[in-house]
Amino acid sequence: MEFELVIIGGGPAGLMAALTAAEKGVKTAIVEESFALGGQLRQQAQVLENLPKEFGKQSGIALAKFFSNKVSSIGVTALLGHTMIGTYRNGTIGVSNGKDTFPIYAKKILVTTGAAEQAALFPGWTLPGVMTIGAAQILLNRERVLPGKEAVVLGCNSISYDIAKQLRACGVNVQGIIEKKSIDEIDKELIEKFESENIEVFFHSNIEKAAGKQHVEKVWIDNDVLKKEREIDLVCISNGLYPVTEPLELLDCEFTYIENLGGRIPKYGSSFTTSNSSVYVAGNAAGITCIEGILVTASIAVTGILEDLAILNNIEAKKQKEILWTELLKAETGRYSKVHDARISLVNDFLPKEI
Amino acid sequence: MDKSTIVCKCEEINIDEIETALKAGACQFDDIKRLTRCGMGPCQSKVCTNMVREIIAAYTGEPMEHIEYPKNRMPIKITRLGVLVANQETSSVVSVFKESVSEVDTNG
Amino acid sequence: MDKYVDIAIIGSGVVGSSIAYHLSESRQKEIIVIDKGFPLSGTSGSTQAWVWVHNKSPSWYGELSMYSAELYPFLEKKIGDVEYKRTGGIAPFFDEEDREKALKLAEKQAEVGIKVEVLNRNQVLEKEPVLSSKIAGATYSSIDGNVNPFRLVELYIKAAKKNDVKFSFYNPVIDIKKESGFFRITTKNEGTYTAEKIILAGGPWTKELGSFLGIDIPVKQVRGQILVTEPLAPLFRHTIAGMRQTDNGEVLIGYSKEEVGYDRRTTMEVIQDTAKMAVDYIPALANANLVRSFSGVRVIPEDGFPIVGEISNIKNAYLAVMHSGVTLSPLVGTLMAELLLEGETSIDLGRLSLDRFEKKSNGAVVQ
Ligand SMILES: Cc1cc2nc3c(=O)[nH]c(=O)nc-3n(C[C@H](O)[C@H](O)[C@H](O)COP(=O)(O)OP(=O)(O)OC[C@H]3O[C@@H](n4cnc5c(N)ncnc54)[C@H](O)[C@@H]3O)c2cc1C
Ligand SMILES: Cc1cc2nc3c(=O)[nH]c(=O)nc-3n(C[C@H](O)[C@H](O)[C@H](O)COP(=O)(O)OP(=O)(O)OC[C@H]3O[C@@H](n4cnc5c(N)ncnc54)[C@H](O)[C@@H]3O)c2cc1C
Ligand code: FES
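Owing to the predicted nature of the structure, the values given are computational and were not obtained by experimental measurement.

Chemist: Provide a residue-level description of unusual backbone geometry, including the pertinent values.
Modeler: Here Met74 of chain B and Pro75 of chain B are connected by a cis peptide whose omega angle stands at -5 degrees. Looking at the element boundaries, Pro75 of chain B is found in the loop between helix H3 (49-60) and strand E3 (79-80). Backbone torsion omega between Ser57 of chain C and Pro58 of chain C reads 0 degrees, so that peptide bond is classified as cis. The residue Pro58 of chain C is located in the loop between strand E3 (50-51) and helix H2 (59-79) in this model. Although it is not a glycine, Arg27 of chain C adopts a positive phi angle of roughly 50 degrees. Mapped onto the fold, Arg27 of chain C is located in the loop between helix H1 (14-24) and strand E2 (31-34). Its identity as a non-glycine residue notwithstanding, Glu83 of chain C has a phi of 60 degrees, on the positive side.

Chemist: Tell me about helix H5 (residues 188-196) of chain A, residues and numbers included.
Modeler: Residue and element names in this part refer to chain A. Every buried residue belonging to H5 is among Leu190, Ile191 and Phe194, and all of these are buried. Each buried residue of H5 sits inside an arc of 100 degrees when the element is viewed along its axis, so together they form one side. H5 presents Lys188, Glu189, Glu195 and Ser196 as exposed residues on the side facing more than 90 degrees away from its buried surface. For H5, the elements touching its buried residues are helix H4 (158-169), strand E12 (173-178) and strand E13 (201-202). Following H5 by one or two positions, Asn198 has its phi on the positive side, about 60 degrees.

Chemist: So what about the site of ligand 2? Which residues, and what values?
Modeler: Within the structure, ligand 2 sits among 38 residues, and Asp35, Ser44, Trp50, Gly325 and Thr327 of chain C are positioned closest to it. Each of chains B and C places residues next to ligand 2. At a separation of 3.2 Å, an oxygen atom of ligand 2 approaches a polar backbone atom of Val326 of chain C. Protein contact buries 99% of the 990 Å² of open area that ligand 2 shows by itself. Elements supplying a minimum of two residues to the shell around ligand 2: H1, strand E12 (219-229), strand E16 (289-301) and helix H8 (325-342) of chain C. Its residues placed into classes, the shell around ligand 2 shows 16 nonpolar, 19 polar and 3 charged.

Cut-off values and rules
- Residues numbered from 1 in each chain as written.
- Chains lettered and ligands numbered in written order.
- Predicted model: local features only at pLDDT ≥ 70, side-chain atom pairs only at ≥ 80, totals over all residues.
- Heavy atoms only, no water.
- Helix = DSSP H or I, 4+ residues; strand = E, 2+ residues; numbered from the N terminus.
- Buried < 20%, exposed > 50% of the residue type's maximum accessible area, 1.4 Å probe, protein only.
- Arc of directions from axis to C-beta.
- Contact = heavy atoms within 4.5 Å.
- Near = heavy atom within 4 Å.
- Polar contact = N/O pair within 3.5 Å; in protein donor to acceptor, adjacent residues only side chain to side chain.
- Areas by Shrake-Rupley, 256 points an atom, 1.4 Å probe, with all protein chains shown as cover.
- Nonpolar A, V, L, I, M, F, W, Y, C, P; charged D, E, K, R; others polar.

In structure tokens:
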């Protein structure tokens, strides 16, 4: 198999990129390990507020559908159930579809493998009933199964807000949110959101341990003031996300460490080119950000790819990138301004190499 | 925290075992891995990487950014051998026997 | 800060650690082992770890391997359980034409006391029913086996520490000089050590260590990629030339060879070729899951045989560099201890001297 552009990961970043590239006539394939497109959008039932104008307001699930329909109508080859498992000697990617393993040749590779959830360590974290937000979302929104009746959620962030609300809506009693940080370290807007929903947040607290026989039955919340023992049957962990970067490692991209982008992160330049000049990165794999940021980074990467493939000339590309970086700045404000600052310094550090 | 708390789910390695490796002088993930098997399980340390790194950071007093990640190894996802060889007709891997009956032997 | 020791060993892989342990048994000398990383970060942590004898040729080399394999049970009594298992080794062949060669090998090995049987298909399948019925036959010997290399190195070091050997890890040696009869060893993190005797056991980096002393050590680096399956129920008992099953059920597969310098990446080409080898040998492995692959860099002296002993023009400087160091470590440790403490060895090391390579360039025949 041979393509001009191969995209690893069919989440929002990969899909956005595939659409944009295919519109310009680039022969594009998406390699996606699951059997549906959409990535993490596929279990996000909440309405995504700040999507770029052209998408209006819709849920993650709806957006995933919209993207997959569009992608198949525009002639992108979607290789579902295909996983990139390694690289050949010359850097060609190796893909397996569960029956066979083969190389896929590409002029350019875009890695949009998204993010994974960080587990949290406390005695009892491996008990059934203790699960990540993602697992709870899948049970709730995809498989339509209630993950429990009495819950606590670890981590006060926008993702835990969404899940707390959804759990509530399905009749789960959310006893509270447990947050390590103090109240002044958390975004005010977010705290107000929890307040308006009447969801209690225990700041400066941690789960000391969880216990139960076959399944989690109790947690002990360790707090400077209150020490609380709670009877629950569900502990949801929202301990942050980190970029999924294995394909980039195997493609010999250089890495650095930036806390505000999620930890270990590939080095990239203003077109999201990595140190391996035929490999690009976008979406959460390029640093954990908001959904708008995810989509815009994908557009920037594609602009870079089009320029590299000589489909866009330098001037057009430059103009377009300027517009997109302004959009990215707009998307990454408020809570995400730290992400943007980190990104800018990453890109600036990369500059000398790009010449 | 209770030292018997499991950190690496796949290999059932607890905090105490990791700290024992640290006390033996190992202070990077891959070195601890070879001593304890921590991170060698089916998930290939996807789940335990950062938790182990935090334990290393706490023990050594180094900031997290100095604590190395385990080396990533192929395959990215578990793959059946049969799937790897579906289209393989030959193999470049020589046989030990063939080599031993040729002139010079470099076994193992 | 200058520290004085009697003996400094550079490299704490299976070779350096074994030498340190064996030297320490008599507790006569002050010893330090310096390693740039943590033990097992080199080749000893990325090996198949067969204790393999029966295919080693010519037979004098097989004989050395056999002596070493025979030391393992005693070693375990001294340093603890290194999971040494004398499983017996099977080296299959697929062409009936190879039987002739197999018989010749058996004959040669018999001369030095290595008992090699040549099996036919039925005999192979009787020993290991999972092996492919396409196999024509195999050479077999009960002396072969395998060991857990992680435990082995860990326990060598533990035992040496008990005997007061000092270890310095994550501390690269960046220069070695000989001044007024003593070696001055400059390290990156702990200043300089002064030593009366020095042993270079740097595995694939030994060439670099040699260059500090102005000598060329003729070794090449040969990468090997190994596949590791998920833990499986006991599938086969023997060490099969190409694979072994560990105590926890993982099958380690691989025998690839590539000269690519010190590059420890794995590649899909070799992973697929190795998987093919595995399935050709044991068809049932087609259903096993591959969990990970790793690669190690063999250090192989140019003629294939170990280089062990004193460097003839640098008094008190010793070399211990070899392929099959796991198999050979008990013997090499024992001989090096004899050499450094008593000045002579129970087995003549002449054949293993670095000098043989110079002779070669003079046109003399080696072996
Ligand atoms: C569990 C979870 C829950 C989340 N919930 C929310 C939420 O409620 N609200 C919110 O705003 N954001 C949420 N996020 C953030 C989420 O990451 C983004 O919303 C968005 O989906 C990220 O887009 P992406 O395209 O970068 O990656 P993803 O959407 O993660 O897509 C990556 C895709 O790559 C595929 N892939 C990975 N590796 C390979 C490989 N080797 N070969 C082939 N395919 C591969 C994956 O199967 C996946 O489909 C959540 C994230 C996670 C992990
Ligand atoms: C794929 C593969 C399969 C193998 N299978 C077998 C087998 O089945 N049976 C068998 O017997 N053998 C086998 N071998 C060979 C065996 O593993 C090696 O011979 C053995 O591990 C070599 O040990 P070593 O101590 O010499 O080297 P290493 O383990 O590499 O140790 C050398 C040490 O020196 C240190 N060092 C180097 N330079 C410096 C410096 N400047 N300063 C400080 N420290 C330094 C390194 O950090 C390292 O720890 C295999 C090898 C490979 C690669
Ligand atoms: S949790 Fe450690 S390897 Fe899977």
